[in-house]
Amino acid sequence: GHYERAPDKYLDALTSKVKRKPFLVFDIESKHNETQEAGFTRPFLVGFYNGASYCSFRNGPVVDTAKSSWDLRYDARGGCIDLFLRHLFGSKEYVGHNIYAHNGGNFDFLFLLRWLRERPHEFEFDLVPVQSSIQMLEVRRVGDRKREKKKKIDRWTFLDSMKLLPMGLDRAAKTFGFAGKKTMDLNTQEDDPLWDEYLKRDCTELYGVMQSTHDLIEEKLGGEVGMTTPATSMKLFRRKFMGKGDCPVLIPRHMHFANCECPDDLDHPGSKKGACAHAFIRKAYYGGRTEIHRVYGENLHYYDINSSYVAAMTEGMPAGDMYACMGEIDWRLRGSHVGFAECTVHIPDDCEVPPLPYRDLSTPSSPKLLFPAGTFSGTWDIEELALLDHPRVKGKILEVRQVVWYKKKPIFRDMVAELWKLRDKTLDTFDEGLSLLGKLLGNALYGKFGMNEERQIIMLEKSFGEDDLRMVGECALCRGETGSPQKTLCKGCEGAKPAGPDSPVYYVTKEVSAPYIIPQIAAHITTLARVRLFQINMKALDLGGKLYYNDTDSLLTDVELPTGAALGGLKDEHPGELLTGEFVQPKVYMLTKEKPFEGEHNKDCVGEAKKACKGCCVSKVRMKGFGKESQTKESLRTLQGGGTVSFTRLTKVRTLAREGFREGPMMVTVTKSFQTAYEKRQVQPDGSTKSKVIHCVDPPLEMAAE
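Residues numbered from 1 in each chain as written. Predicted model: local features only at pLDDT ≥ 70, side-chain atom pairs only at ≥ 80, totals over all residues. Heavy atoms only, no water.

Looking at this model, I keep getting lost on the overall build of the protein. Mind explaining?
A count of helices and strands for the protein gives 16 helices and 31 strands. Taking 2.2 N^0.38 as the reference for a compact globule, 706 residues should give roughly 27 Å; the C-alpha atoms of the protein span a radius of gyration of 27 Å, in line with that estimate. Principal axes of the C-alpha set define a box for the protein whose edges measure 75 × 65 × 55 Å. Of all 706 residues assigned to the protein, the portion counted as buried reaches 53%. Contacts spanning at least 24 positions in sequence make up 68% of the contacts within the protein whose residues lie at least 6 apart. In the structure as shown, the protein presents an accessible area of about 32,100 Å², 49% of it carried by carbon and sulfur atoms. Positive and negative side-chain charges in the protein, numbering 100 and 97 respectively, have mean positions lying 2 Å apart. (Helix = DSSP H or I, 4+ residues; strand = E, 2+ residues; numbered from the N terminus. Rg over C-alpha atoms; globule rule 2.2 N^0.38 Å. Buried < 20%, exposed > 50% of the residue type's maximum accessible area, 1.4 Å probe, protein only. Contact = heavy atoms within 4.5 Å. Areas by Shrake-Rupley, 256 points an atom, 1.4 Å probe, with all protein chains shown as cover. Lys, Arg positive; Asp, Glu negative; His and termini not counted. Charge placed at Lys NZ, Arg CZ, Asp CG, Glu CD.)

Right, here's the structure in full:
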């Protein structure tokens, strides 16, 4: 039947025919500077595969002798990058294709930017960064204005396949039934023909993986492949499940409260400044619980919740009618509605595991998520506020300022059931590739609903070089109309900030009005996951155990807990084994046990021995934010002693942008240390920790309400 498709009001089902965009793959092999050692700074060979034929490009004699040094040679005329890009852009056959490279956002794409930067009369490009990586690089041929206005310009889109399949290429290939990467000593001389065999395998395997991914998602699952795993999961949900079973064809976004006083002269109804209801809900959108309860422990069990977020998605979601009220919580609605309340609470100072998250903004540059005791204000999901009644909490609500209720609907139940079924190895229809996709797609969906309304784009100024390419009244960044001959930036690019003092590269913030931005759904899913972990913590304490460490969906404790394979059940990560744990900071710890950890190797396990070894190290060190080679017991001891750990990594895209993309990627040394001791809880002399106690009552916030 007919229904209103209004993206500012609803998320709707996708019903158009899936059009698979043609794609290509490429890969770069490199050395360390001007040596034959393995490394990441000097490309010497590029492989390219279009699904039918493979070709490679090696560094040859460069035309410009001034660019013959090792750091300029690869993208000078005759270099491997130059030859590859001339081949790609020189063929009309490849126009409009997606071009994949595995981990391209952190490596391969970085070596294309200087070449593009030096050809402003031929190509324009901009890119979408995600943290320190490139999610998408779009290249456009500079053409005449008539073709540009008709949107007939040639364009190519470079995408990182690891953003879609977040794992190494070898694992991805074997999961989808391919042979996997060839073994190769990366110190082999660059002119050895073995490199061609090695690189060809990488390219053909990646193409096969991407082809299989498209086939499985689009033909077997009935979805559509997007740029990333979350985007693909959202397309699957909208195509296959919306409008069927328990999921309605329209899900209201409820961006505004009734009779709100938001400005009505904004560019579009989805403006961040105008979404008053979404702004209220985002205050109740918190991350996972990562806490140290004891800095050291022996005879520990490591439990992980089976797909915690996916399990939360089986419950009713805030996807129906909304209404807001002031001054009280009607607990009778809890069964049929999802609620969010702005209130002031009190949790006794001696509460061992307080249930409510709280953003500590005392250091705005690095805010911390605490779970404190004391008296404080905030906005929380009703399900989390209900935990105040737990006998181990004994908290209470002191004041309620505003409550927003949404009718519950089980919109994800069918999707979760189908994806979870793909992971059942007891079925005759089990397929390893589908199982992997089922896991990835299930875990990725919730974040799209909570996506930020702002997206940052890195853009190159269009008016630099010997000849000014920008026309009067044309935006210097996006070529849109400025509205005045005197202006250089259009309204959409106003506020752009240069990446560096003399850089022609700018960061532009664009507002995103995607119909799937419905933060109340994301906030409720993350709440239910935290509630589940809290309940498991309580079970461990009720059994006489102690808590040692929590990390979003996992627990280390000294007591045995019931386990099972069901969705949302507990899995013992090391059954039959007891661990010793040292916990230094959130996501910085070391685990030790008698048997080696799978995939963990001693320093002397290298070469052929490592290839045949499944694991020979009895310790596992995890140090988030540190280079892989520095995640060692010695580095951990250095940090514990207040020292500094150094490691090397390749230049990131933002550093290259600061230099105007005039330089190629280089290895840089990064030093890290702990600026402060563990601060989320108070460490006691015996190594245990106590909840932080805060007494901070915010003034009431005046929100428009019905």
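I tried to follow the sheet that holds strand 7 (residues 133-141) on my own but got confused; where do I start?
Within a beta sheet, neighbouring strands are joined by backbone hydrogen bonds and run either parallel or antiparallel to one another. In space, the 10 strands of this open sheet follow the order 4-3-2-5-8-7-6-18-20-19, with mixed pairing throughout. Unpaired on one side and paired on the other, strand 4 (54-58) and strand 19 (497-498) mark the two borders of the sheet. Bridge count for strand 2 (residues 23-31) against strand 5 (residues 98-101) is three bridges, and the pairing is parallel. If you follow Phe-23 over to strand 5, its bridge partner there is Asn-98. Against the sheet, helix 2 (residues 80-89) contacts strand 2, strand 3 (42-49), strand 4, strand 5, strand 6 (123-130), strand 7 and strand 8 (155-160), and its axis sits at roughly 25° relative to strand 3. Set on the sheet, helix 6 (residues 194-220) makes contact with strand 2, strand 3, strand 4 and strand 5; between it and strand 2 the angle comes to about 145°. (Pairing = 2+ DSSP bridges. Axes fitted to C-alpha atoms, helices over the stretch in contact; angles between N-to-C directions.)

I'm lost on the environment of Ala-179 in this one. Help?
With respect to the helices and strands, the residue Ala-179 is situated in the loop between helix 5 (169-175) and helix 6. Note: C-alpha distance between Ala-179 and Glu-205 (26 residues apart in sequence) is 7.8 Å. Ignoring sequence-local partners within four residues, the contact set of Ala-179 consists of Lys-174, Arg-201 and Glu-205.

It is not clear to me how the packing of aromatic side chains should be interpreted in this structure. Could you clarify?
When we look at a pair of aromatic rings, we describe it by the centre distance and by the angle of the planes. Going through the model one piece at a time under the given rule, you end up with 34 aromatic pairs. When the centroid spacing of 5.8 Å and the interplanar angle of 85° are considered together, the rings of Trp-195 and Tyr-198 count as edge-to-face. Within this pair, Trp-195 and its partner Tyr-198 are both found in helix 6, separated by three residues, close to a single helical turn. Summarising the burial analysis for this pair, Trp-195 and Tyr-198 share the class buried. Seen from their ring centres, Phe-412 and Phe-449 are 5.6 Å apart, and the 65° between their planes marks the pair as edge-to-face. One end of the pair, Phe-412, is in the loop between strand 17 (396-409) and helix 11 (413-421); the other, Phe-449, is in helix 12 (residues 432-449), and 37 residues separate them in sequence. (Phe/Tyr/Trp six-rings, centres within 6.5 Å; stacked < 30°, edge-to-face > 60°.)

What exactly am I supposed to notice about unusual backbone geometry here?
Most peptide bonds are trans, and most residues other than glycine sit at a negative phi. Unlike most non-glycine residues, Gln-131 shows phi in positive territory, near 55°. Relative to the helices and strands, Gln-131 resides in the loop between strand 6 and strand 7. Judged by its relative accessible area of 69%, Gln-131 is exposed. Backbone geometry at Ser-307 places phi at a positive 50°, although glycine is not the residue there. Within the element layout of this structure, Ser-307 appears in the loop between strand 11 (296-305) and helix 9 (308-312).

Help me out: how do you make sense of the layout of surface pockets in this one?
To find the voids left in a structure, one rolls a probe of water-molecule size over its atoms. A volume near 770 Å³ is recorded for the second largest pocket. In this structure, the second largest pocket is lined by 21 residues; those nearest its centre are Ser-366, Lys-368, Gln-585, Pro-586 and Lys-680. Here the residues of the lining of the second largest pocket sort into eight nonpolar, eight polar and five charged. (1 Å grid on protein atoms, 1.4 Å probe; cavity = no way out; pocket = protein on both sides within 12 Å on 5 of 7 lines; lining within 4 Å. Points joined across faces, edges and corners; volume = space filled by probe spheres on them. Nonpolar A, V, L, I, M, F, W, Y, C, P; charged D, E, K, R; others polar.)

Help me out: how do you make sense of the environment of Leu-541 in this one?
Along the chain, the position of Leu-541 falls in helix 13 (residues 519-542). By relative accessible area, Leu-541 is classed as buried at 9%. Between the C-alpha atom of Leu-541 and that of Leu-206, which follows or precedes it by 335 residues, the distance is 48 Å. Excluding residues that lie within four positions of it along the chain, Leu-541 makes contacts with Glu-352, Val-353, Arg-392, Lys-546 and Leu-547.

Please explain the state of the cysteines as it appears in this structure.
Joining two cysteines, a disulfide is a covalent bond between their sulfur atoms. With the rule as written, the count across this model stands at zero disulfides. Looking at Cys-613, it has no disulfide partner, and the nearest cysteine sulfur is the one in Cys-616, 4.0 Å off. Distance from the sulfur of Cys-696, which forms no disulfide, to the nearest cysteine sulfur (Cys-343) is 14 Å. (Disulfide = S-S within 2.5 Å.)

I would appreciate a short explanation of helix 13 in the present structure.
The α-helix advances 3.6 residues per turn, and as a result positions three or four apart in sequence lie on the same side. Helix length check: helix 13 (24 residues) gives 34 Å between terminal C-alpha atoms against 34 Å at 1.5 Å per residue, within 8%. After helix 13 finishes, the residue Gly-544 shows a positive phi value of roughly 90°. (Expected span 1.5 Å × (residues − 1).)

Explain the pairing of strand 17 here, please?
Consecutive side chains along a regular strand alternate between the two faces of the sheet. Inspection of the sheet shows strand 12 (residues 317-325) paired to strand 17 by six bridges, in the antiparallel sense. Each residue of the ladder has a partner; that of Met-317, found in strand 17, is Lys-409. Strand direction decides the pairing type here: strand 13 (residues 337-347) and strand 17, joined by 10 bridges, are antiparallel. Counterpart to Gly-339 in the pairing with strand 17 is Trp-405.

Looking at this structure, how should I read the confidence of the model for the protein?
As a general rule, the predicted coordinates of low-pLDDT regions are not to be interpreted in detail. Averaged over all residues, the pLDDT of the protein is 91; the fraction at 70 or higher stands at 93%. Note on residues 1-5: pLDDT is under 50 here. Beyond four places in sequence and across chains, it has 10 contacts. Between residues 265-272, whose pLDDT stays under 50, and residues either more than four places distant or in other chains, the model counts 14 contacts. (pLDDT = per-residue confidence, 0-100.)

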